[in-house]
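# Fold and contact review
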Amino acid sequence: MTQETGSCMCGACRVTASLRDEAHICHCGLCRKWTAGAFISVECDGKPSFNDDAPLSVFRSSDWGERVSCRECGSSLLWRMQDGSMNVISVQLFDDPGRFPVTSEIFIDRKPASYSFAGEHKTMTESEVMAMFAAKEEG
């Protein structure tokens, strides 16, 4: 776990977060539309802290998830569970996003055939991910 600081493209949203040391890639249709590509994120330990005047825009994108963006420049910042139990932040907010090795890809069956990420890592299909979220709601 490391404490990192980062920002959106325009700098209006600055964040500090305790991060796990591995990245995950989401290929779901919502993430691809939200980021104009795959969403590469790192899980936060707890809730990330944004500057008090950060122009955050929150969009409820599903029954359980929310997407947080910068209202000024449109940068994709954070995906979180509405109950706060999970926060994943874009690795692109940090100066060295390559320092987070990719360990998993989810919604792998929704990934367009036109690209692939290098290396071997865990994959989960849409049905496997949905089952995981359903189990979290029940538990």
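Scroll up for the structure.
The structure reproduced in this document is the subject of the present report.

Reading guide: rules and limits
Residues numbered from 1 in each chain as written. Predicted model: local features only at pLDDT ≥ 70, side-chain atom pairs only at ≥ 80, totals over all residues. Heavy atoms only, no water. Helix = DSSP H or I, 4+ residues; strand = E, 2+ residues; numbered from the N terminus. Buried < 20%, exposed > 50% of the residue type's maximum accessible area, 1.4 Å probe, protein only. Polar contact = N/O pair within 3.5 Å; in protein donor to acceptor, adjacent residues only side chain to side chain. Contact = heavy atoms within 4.5 Å.

## Looking at unusual backbone geometry
The residue Ala 36 is not glycine, and still its phi comes out positive at about 60°. Turning to its location among the elements, Ala 36 is positioned in the loop between helix 1 (29–35) and strand 3 (39–44). The phi dihedral of Phe 107 is positive, around 55°, even though this residue is not glycine. Counting through the fold element by element, Phe 107 comes out in the loop between strand 9 (102–106) and strand 10 (122–124). Its relative accessible area of 10% is what places Phe 107 among the buried residues.

## Details of the side chain of Glu 66
Among the structural elements, Glu 66 can be located in strand 6 (residues 65–70). By relative accessible area, Glu 66 is classed as buried at 10%. For Glu 66, the side chain forms a polar contact with the side chain of Arg 60, separated by 3.4 Å. At a separation of 2.8 Å, a polar atom in the side chain of Glu 66 contacts the side chain of Arg 80. Not counting the four nearest positions on each side in its chain, Glu 66 is found in contact with Val 58, Phe 59, Arg 60, Ser 61, Leu 78, Trp 79, Arg 80 and Gln 82.

So far we have only geometry, and geometry alone does not tell us how the molecule works.
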